[in-house]
Amino acid sequence: MKEKFYHKAIFGALVMVILAVVILFTYQLTNKSEHIAKKLTTPVAIDPIDSSNCIACHTSESIIGSVVIESDEGHGGEGG
Amino acid sequence: MYLVSKDFLETSHGQLGCINCHAGENLPTQEGAHATMNPYPSEDNNGICAQCHGAVTETYASSIHYNLHGMENGLMSFASTDSMPDSPAHAEVFDKNCMSCHATCGECHVSRPSNYTGGLINQHEFFKTPPMEETCYGCHGARTAGEFMGEVGFSGDVHFELGMDCMDCHNIDNFHGTGEVGERMWDEALPSCLDCHAEEASGNSQIEAHNAHGDMLSCQVCHAQANNNCFECHVSYNEDKSALKSASDSKLMFRIGLNPNPTEERPYKYVTLRHIPTAANSFDTVETDMLPNFDEISNWKYSPTHNIQKSTFQNESCESCHDNDKLFLREEDIIESDSKDNLRLIVPRP
């Protein structure tokens, strides 16, 4: 009698675990598809890359000002 | 030109570091740092911008600012070939001339269009709404934007004088596209004067002239001013043949004509016209007889000219328009190099 009770309890617990896994899996799947849809509009994390040397030059007026830049003399204004 | 402000470094874009977008190496010498650097990271529409702004870059691929389908279809309608790949000569013209107006994300939101002057607008600041005078004007300055801002022609547009810019009338879809690839600008949901001035629609208006003319006239017939017309554009190669540059005469004119292509949205019988520079021999530099359909399509086009004023010389009185032949497209306006199709736009004289 006692053994039967234990078997039932183990079976019940097993069912609950399986149910929990199914629910969590379903939730995760649903959540994942939302995440994919949102990925298009929500900024994603991009790790910064050390650009200290670039910044040192490009924020210096005296350095950038000394660089001669050739104009491409674009023909802007031709459009409608 | 390539100076970056320290304030920019505090922004979400600035905190990424230059190399995330521009590649290159964090080295102390210009040669080393720039060896693999990409000055125009948004040239690849699916590149770095798409990482965070994928919804925009996805629809932008369908935008005529990106793919220039309007120009492509305009060119192909004058030609006899159905598609660009069938004709290397047309592809050459398109790639080396029309395509120079192709805009990237960066060319509106960070820098001026490279076809204009290029260069950062304001020390690498990102503009959610690009400043019209630095970006739209860069490509549309000779006509639409120039007229709107009063830089071309007579007075600017009353809407500009009241502080409005392109984005106040044009929906974001007109810039970023909708995801549906259009054939030309006219396929898009363009602004209508009645969006804001519904009370002036024919039948509703307190102004007798509005009710009397109904849908016969586009608003610009009475409210626009002279526009800039270009003639006999002839493209020629630059020194290294990497680009085809154009040169055409231009003239300020005001011409009312019959609507070349009435549609449900624009059913008007009479519209303001503008001469486009294309001539039958425009692309002879590349190959002769490239536009065999030239005489089938008018090169005077419907122009919703963007220099609106409430009072104009043509709406001063009934006579200023009805008795004034000079306002209408006339046979003598059609020049030797023009399309014969223009003749159907001439308003019959009483």
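A. Representation of the overall build of chain A. Scanning chain A for helices and strands turns up 3 helices and 0 strands. Walking chain A from its N terminus toward its C terminus, one meets helices and strands in the order α-α-α. The buried share among the 80 residues of chain A stands at 8%.

B. Fine view of the overall build of chain B. Along the backbone of chain B there are 16 helices and 5 strands. Taken over C-alpha atoms, the radius of gyration comes to 23 Å for chain B, in line with the 20 Å a tight globule of 350 residues would show. In terms of its C-alpha atoms, chain B occupies a principal-axis envelope of roughly 75 × 50 × 35 Å. Counting all 350 residues of chain B, 34% fall into the buried class. Within chain B, residue pairs in contact and separated by at least 24 positions form 61% of the contacts whose partners lie at least 6 positions apart.

C. Broad picture of the environment of B:Val93. Residue and element names in this part refer to chain B. Relative to the assigned elements, Val-93 resides in helix 7 (residues 88–96). Exposure remark for Val-93: the 25 C-beta atoms within 10 Å place this residue in the buried category. In this structure Val-93 touches Leu-75, Leu-244, Phe-283 and Val-286, once residues within four positions along its chain are discounted.

D. Local environment of the domain arrangement of chain B. All names here are of chain B. Each domain of chain B was delimited in the assignment, giving domain 1 (1–153 + 166–190) and domain 2 (192–350). Look at where the C-alpha atoms of domain 1 and domain 2 centre, and you get two points 28 Å apart. The interface of domain 1 with domain 2 comprises 18 residues on the first partner and 22 residues on the second. Listed by contribution, the elements that provide at least two residues to the side of domain 1 that touches domain 2 are helix 6 (69–78), helix 7 and helix 10 (144–148). Here the side of domain 1 that touches domain 2 takes 5 residues from helix 7, the largest share from any one element.

E. Main features of the confidence of the model for chain B. Mean pLDDT over chain B: 93, with 99% of residues reaching 70 or higher. The ipTM, which scores confidence in the relative placement of chains, is 0.80 for this predicted complex, and the corresponding pTM is 0.84.

F. The arrangement of the nonpolar core in detail. All names here are of chain B. Counting residues in each nonpolar core, the largest one holds 16 residues, and the members touching the most others are Val-221, Ile-256, Tyr-270, Val-271, Leu-273 and Leu-329. Secondary structure elements with two or more residues in this core: helix 15 (219–223), strand 4 (270–275) and strand 5 (300–302). For this core, the leading source of residues is strand 4, giving 3 residues. The residues contacting Leu-273, other than those within four sequence positions of it, are Arg-255, Gly-257, Trp-300, Lys-301, Tyr-302, Ser-303, Leu-329 and Leu-345. Of all hydrophobic cores here, the second largest spans 14 residues; its members include Val-93, Ala-279, Met-290 and Phe-294.

G. Region of the structure containing the pairing of strand 1 (residues 227–237) of chain B. Residues and elements named next belong to chain B. The pairing of strand 1 with strand 2 (residues 244–253) spans 9 bridges and is antiparallel. Within strand 2, the residue paired with Ser-236 across the bridge is Lys-245. In textbook terms, the turn of a hairpin is the stretch between consecutive antiparallel strands, and for strand 1 and strand 2 this stretch comprises 6 residues, one of which, Lys-241, has a positive phi near 60 degrees.

H. Structural detail: the sheet that holds strand 4 of chain B. All names here are of chain B. Taking strand neighbours across the sheet as the criterion, the 3 strands line up as 3-4-5 in an open arrangement whose pairing is antiparallel. Of all the strands in the sheet, just strand 3 (255–258) and strand 5 have a single pairing partner and so form its edges. Here the strands of the sheet are splayed against their neighbours by 55 degrees on average, with no regard to which way each runs. Note that strand 4 and strand 5 share 3 bridges and pair antiparallel. Bridge assignment links His-275 to a residue of strand 5, and that residue is Trp-300.

I. Highlighting unusual backbone geometry. All names here are of chain B. A positive phi angle, near 55 degrees, is found at Leu-68, a position not held by glycine. Relative to the assigned elements, Leu-68 resides in the loop between helix 5 (64–67) and helix 6. For Leu-68, a count of 19 C-beta atoms within 10 Å gives the class partly exposed. In this model, Gln-123 sits at a positive phi of 50 degrees, which is unusual for a non-glycine residue. You can see Gln-123 is positioned in the loop between helix 8 (106–109) and helix 9 (136–140).

J. Here's a closer look at helix 4 (residues 48–60) of chain B. Residues and elements named next belong to chain B. Here helix 4 contains 13 residues, and its C-alpha end-to-end distance of 14 Å is more than 12% below the 18 Å for a straight helix at 1.5 Å per residue. In the structure, helix 4 departs most strongly from a straight axis at Gly-54, where the bend amounts to approximately 115 degrees. Within the span of helix 4, buried status applies to Ile-48, Cys-49, Cys-52, Thr-57 and Tyr-60. Of the surrounding elements, those touching the buried residues of helix 4 are helix 2 (18–22), helix 5 and helix 13 (173–176).

Rules and cut-offs
Positions within a chain are numbered from 1, following the residues in the order the chain's sequence is written. Written order determines the labels here, with chains lettered from A and ligands numbered from 1. In keeping with the model being predicted, local features are shown solely for residues with a pLDDT of at least 70 and side-chain atom pairs are shown and tallied solely at 80 or more, while totals for entire chains, interfaces and linings include all residues. Strands are runs of DSSP state E lasting at least 2 residues, helices are runs of H or I lasting at least 4, and numbering of each runs from the N terminus. Once C-beta atoms are placed from the backbone, each residue is buried if 20 or more other C-beta atoms lie within 10 Å of its own, exposed if 12 or fewer, and partly exposed for counts between those two. Within these notes, the globule rule equals 2.2 Å times the number of residues to the 0.38 power, and the radius of gyration is based on C-alpha atoms. Contacts are defined on C-beta atoms placed from the backbone: any two residues whose C-beta positions lie within 7 Å are in contact. An automatic or database domain assignment supplies the residue ranges for each domain. Residue-level confidence of the predictor, termed pLDDT, takes values from 0 up to 100. Under the definition applied here, buried Ala, Val, Leu, Ile, Met, Phe, Trp, Tyr and Cys residues are grouped into a nonpolar core through C-beta atoms within 7 Å. DSSP calls a pair of strands paired once it identifies at least 2 bridges connecting them. Helix axes are fitted to C-alpha atoms over the stretch in contact, other axes to C-alpha atoms as well, and angles between N-to-C directions run from 0 to 180 degrees. Multiplying 1.5 Å by the residue count of a helix minus one yields the expected span of that helix. Two axes enter the definition of the bend at a residue: one is fitted to the seven residues ending there, the other to the seven starting there, and the bend is the angle between them.

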